[in-house]
Amino acid sequence: RLGMSGKTGVKRKREAEPKPAASTDGVKAEVQILQLIRDNRSVSVDFVRRRLGDKQTNDVVTALCKKGSIEVRQSGQTLILYEKPTTGNQSKLQGLGDLERNVYAVIEEAGNTGVQKRDICKQLNTKNPAITKAVGMLERSKLIKAIKTVQNKTLPVYMLADLEPSDEITGGIWTNQDMEFDHEFVVILRNQCMRCIEEKKYCSLDSIAEWITTKEVAKVALTQEHVKAIVATLMYDDKIEEVDDIGVMGARKMYRLTGRKPGETENVLTSTPCGVCPVFDKCAVSQGALVGPLSCPYLPKWLGLDF
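Each value, and the rule that gives it
Residues numbered from 1 in each chain as written. Predicted model: local features only at pLDDT ≥ 70, side-chain atom pairs only at ≥ 80, totals over all residues. Heavy atoms only, no water. Core = buried A, V, L, I, M, F, W, Y, C linked by side-chain atoms within 4.5 Å. Buried < 20%, exposed > 50% of the residue type's maximum accessible area, 1.4 Å probe, protein only. Helix = DSSP H or I, 4+ residues; strand = E, 2+ residues; numbered from the N terminus. Contact = heavy atoms within 4.5 Å. Polar contact = N/O pair within 3.5 Å; in protein donor to acceptor, adjacent residues only side chain to side chain. Salt bridge = Lys/Arg side-chain N within 4 Å of Asp/Glu carboxyl O.

Draft legend 1. Expanded view of the nonpolar core. If you look at the biggest cluster of nonpolar residues, it comprises 21 residues, and the most contacted ones within it are C193, I208, I212, V231 and I240. Of all the elements in the fold, those that place two or more residues in this core are helix 9 (183-200), helix 10 (205-215) and helix 11 (224-236). A total of seven residues in this core trace back to one element, the largest contributor, which is helix 9. Once residues within four sequence positions are removed from consideration, I208 is found in contact with C193, C196, I197, C203, V227 and V231. Core analysis: the second largest hydrophobic core is formed by 18 residues, V106, V115, I120 and A134 among them.

Draft legend 2. Broad picture of the side chain of T57. Along the polypeptide, T57 turns up in helix 3 (residues 54-67). Within polar-contact distance, the side chain of T57 engages the backbone oxygen of V48 at 3.5 Å. In this structure T57 touches V45, V48, R49 and L52, once residues within four positions along its chain are discounted.

Draft legend 3. Spatial organisation of the pattern of salt bridges. Taken as a whole, this structure holds six salt bridges when the rule is applied. For R73, the salt bridge identified is with E71, shortest N-O distance 2.8 Å. With its nearest N and O atoms 2.9 Å apart, the salt bridge here joins E241 to R256. Of the two residues, E241 is situated in strand 8 (residues 240-245) and R256 in strand 9 (residues 252-257); the sequence distance between them amounts to 15 residues.

Draft legend 4. Representation of unusual backbone geometry in the model. Phi is positive for K142, which is not a glycine, with a value near 65 degrees. Mapped onto the fold, K142 is located in the loop between helix 7 (128-140) and strand 6 (144-147). What makes K142 exposed here is its relative accessible area of 66%. At K201, a residue that is not glycine, the phi angle is positive and equals roughly 75 degrees. A relative accessible area of 59% places K201 in the exposed class.

Draft legend 5. Representation of the environment of V60. Secondary-structure assignment places V60 in helix 3. Exposure remark for V60: the relative accessible area of 4% places this residue in the buried category. For the pair formed by V60 and A29, sequence separation is 31 residues and the distance between their alpha carbons is 6.9 Å.

This is how it looks when you write it as structure tokens:
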């Protein structure tokens, strides 16, 4: 009595074992099944049978299928229950055949990372010509769209038409319209980061991001993670260094210029004021000492606290 609208090999998470079945009427059972599907995205018919029993499962699942609330697909030897698309999408799918509906379901489940046509073929166990025809029909109906990815520019992925592709497949702000790494844009951001630190001497990620925003060099809004990535490249090139802002609870990370020339390495002794201090031998932390860390005029500047 259970009709199948298609076949798919969609990987599903393991369902929690049901509690012992309790006597329940048909309407209540329908609500329970719909809730199980929504909680798990999908459930197996066997799982529902263990909860409701064979007869009631057949009756309720058949009733929900007739109402258009759920659909049954096959994964290997297992029948899987899915909730059908919302009313808005359901009206869009009217007039489409079973294959087009199943292709739509696979693409919908892929989310904003999309799915390649060959993977749709594998999941539905259907040959490429039929899937190509179904995908073309869905594209013409404006239900799905093809997106090129930085991983493979010749084989697009497909996702629902109203989704925004994830940075994982598009490269985000670091790629241009040709899906190439936007080296020029990165250079501009690096230069702005350097100018900000040169002017302010001592900067947080927030202050650098605010500086770049005011310069209007980016056509998209930069997040703190974007700025952090640019700052990291400057640190790798030994142009800036990260220090803790000891005046802030939690030791906020701040950035300043290293002051070193390209190829110049840091000497742990000479890079600190103490290493080149002419009165080092007279320095002491004892009370009454003429020279010491508390009275040193050079340490605050070296720590970046001279502002």
